[in-house]
Amino acid sequence: MLEIKGISASYGATEVLHEVSLKIEKNKITTLIGGNGAGKSTTLNCIMGIVKATKGSIILDGKDITKLRTPEIVKLGISLIPEGRHIFPNMTVMENLEMGAYSRKDSKAELKNDIDSILDFFPILKTRYKQLAGTMSGGEQQMLAIGRSLMGNPQVILMDEPSMGLAPIVVEEVFNIIDKIQGMGKTILLVEQNATLALNYADYGYVIELGNIALEGTGKELLSNPEVEKAYLGL
Amino acid sequence: MIRYILNGLPIGAIYALVALSYSFIYAASGVLNWSQGDMVMLGAYIGFTVYQILNLGFVPAFFISMLAVAIVGIGIQRFILRPLRKSNAPAINVTIATLGASIIIRNLALMIWGPDAQLFPFPVSNKPISMGSLSITPQDILIVLIGILLMIIFQYFLKKSKEGKALRAVAQDRYAAVLMGIDTEQSDRSAFGLSAAIGAVAGILIAPIFFVTFNMGAGIGLKGFVSAVVGGLGSVPGSIAGGFFIGIVESVAGGKISSGYRDAITYTLLILVLWLRPTGLFLKKRKQKV
């Protein structure tokens with residue numbers, strides 16, 4: 001589905017990704033775990049075309065998208081839910097959802113229909129659809145960020161630290177939703193610092209260290225891998 | 001007192017438009033565009049040329065002027081902002097480059113229209129209509145009405161249209177807007193074009209009050225900018241309120257104290273606002289953009 005083949009990326013003169021390769025299988029949850037500054041977010045921004053890869057290629061369904069601009073990549077059905085949520089604070093919940101559908105050419109009635117089903121999917125948003133998004137709690141904003149992404153009707157959803165800054169009970173809710181989204185037939189690349197949680201939900205995982213892929217395997221394999229345990233599971 | 005407030009409305013409406021153009025471009029593209037005052041000057045000259053020299057009528061003067069000045073604004077985005085953005089220049093460099101554009105435009109205007117001040121009367125009466133002790137001219141009424149109409153249309157565009165919402169999204173979170181698939185190159189272009197067109201309308205509206213000269217942009221540009229800062233730079237409603245506020249304060253100060261102190265009072269007000277309430281007088285605590 002989405003294949004990343006040996007991409008490198010730099011900020012100024014410093015190379016931060018060194019020939020990273022990932023395979024994201026259709027309708028699976030793939031996770032990319034690693035410490036702070038390992039290159040997780042950079043990888044996601046590379047896929048979106050926001051950071052340009054200096055080497056390697058990114059292939060979506062056999063099509064090379066490495067050189068495309070972000071608006072075109074979004075149109076092809078890849079969506080990034082960014083770290084820190086980045087909802088539009090002075091827009092209502094409704095307007096945020098509308099922005100999620102910005103790149104779609106569908107009719108108003110169709111979009112209205114999709115907004116309704118997103119609001120049904122997230123009851124908390126339904127009661128607040130007229131509220132300014134910036135006045136909501138972190139958990140509600142995370143739900144909105146997910147809903148906004150779904151409004152674009154993406155095939156592949158990239159999630160950057162969806163658990164960050166949320167209470168444990170809300171984190172659980174968010175991961176249940178991720179599970180449900182997979183059930184809708186979406187393909188997910190999940191970036192997390194909370195490695196235990198991510199590996200429990202993921203079908204396949206990669207460990208990134210200092211811009212290199214250090215390990216890979218199924219979620220179960222990585223969970224029981226002593227190296228992963230020592231470095232990321234905090235045992 | 002009410003008389004002076006009423007007299008401050010026409011110039012207030014013009015300041016409000018200029019303030020709005022500064023704030024909108026700042027919020028949507030992150031650029032403090034110092035050539036905004038010269039868009040007002042160009043708007044006045046092009047309106048004057050279409051109406052007085054080419055005799056094409058008053059309404060066409062508005063639309064031709066808005067269109068022509070919008071093209072100039074888009075040109076500034078294309079030839080100044082875009083190359084600087086590509087080379088990752090800091091914001092201060094972009095701001096200084098717009099100051100350079102302002103000087104170039106001003107001198108081109110001097111070459112085209114000459115150094116003499118031009119008069120640009122409106123096709124309505126300038127005779128005051130009296131209501132008791134108050135009086136206002138039809139020309140002033142027209143200025144205020146056109147100004148307010150444009151502000152309403154612009155707010156409606158921002159709140160209701162897809163492109164308007166996209167511009168608000170860019171202003172609130174540029175990164176998230178990119179992730180929605182919004183083309184920021186396109187939104188920069190819209191911000192520069194629309195702000196320039198709004199400036200052009202302010203230019204035509206101010207033309208019957210002041211003479212049209214090649215360097216009029218400096219004064220009106222600065223007053224518009226002060227209005228934006230006093231009302232809340234980056235906020236469209238705040239800037240509109242700021243424009244009317246400064247217009248009325250100037251009129252009251254001119255009438256009650258002395259017109260010689262008018263500018264001194266305006267700038268004292270600016271210093272007080274920057275000192276005591278730097279986010280602007282009319283903004284709630286949470287910073288609100290566009």
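On a predicted model such as this, the values are computed, not experimentally measured, just so you know.

### What about the confidence of the model for chain B?
All names here are of chain B. Mean pLDDT over chain B: 92, with 98% of residues reaching 70 or higher. The spread of mean pLDDT over the elements of chain B runs between strand β1 (residues 129–131), the lowest at 83, and helix α8 (residues 184–206), the highest at 97. Complex prediction metrics read pTM 0.91 and ipTM 0.93.

### Some details on the packing of helix α2 (residues 36–53) of chain B against helix α3 (residues 58–86) of chain B
Residues and elements named next belong to chain B. Direction vectors running N to C along α2 and α3 enclose 140 degrees, while the axes themselves pass 8 Å from each other. Here α2 lies oblique to α3, going by the angle between them. By crossing handedness, the relation of α2 to α3 is classed as right-handed. Residues Met39, Leu42, Gly43, Ile46, Gly47, Val50 and Tyr51 of α2 lie in contact with α3, whose contacting residues are Phe58, Pro60, Ala61, Phe62, Ile64, Ser65, Ala68, Val69, Val72 and Gly73. Looking at the contact of α2 with α3 residue by residue, the class counts come to 13 nonpolar, 4 polar and no charged.

### Thoughts on helix α6 (residues 138–151) of chain A
Residue and element names in this part refer to chain A. A rise of 1.5 Å per residue sets the reference length of α6, with its 14 residues, at 20 Å; its end C-alpha atoms lie 20 Å apart and thus fit the reference within 8%. The buried fraction of α6 amounts to 12 of the 14 residues, a majority that puts the element mostly inside the structure. For α6, the full list of buried residues reads Glu140, Gln141, Gln142, Met143, Leu144, Ala145, Ile146, Gly147, Arg148, Ser149, Leu150 and Met151. Those residues of α6 that are buried are in contact with β6 (78–81), α3 (93–100), α4 (108–121), α5 (123–126), β7 (156–160) and α7 (168–183). Positioned one or two residues after α6, Asn153 has a phi angle of 55 degrees, which is positive.

What counts as what
Residues numbered from 1 in each chain as written. Chains lettered and ligands numbered in written order. Predicted model: local features only at pLDDT ≥ 70, side-chain atom pairs only at ≥ 80, totals over all residues. pLDDT = per-residue confidence, 0-100. Helix = DSSP H or I, 4+ residues; strand = E, 2+ residues; numbered from the N terminus. Axes fitted to C-alpha atoms, helices over the stretch in contact; angles between N-to-C directions. Parallel < 35°, antiparallel > 145°, perpendicular 65-115°, else oblique. Left-handed = near helix turned anticlockwise from the far one by under 90°. Contact = placed C-beta atoms within 7 Å. Nonpolar A, V, L, I, M, F, W, Y, C, P; charged D, E, K, R; others polar. Expected span 1.5 Å × (residues − 1). Buried ≥ 20, exposed ≤ 12 C-beta atoms within 10 Å, placed from the backbone.

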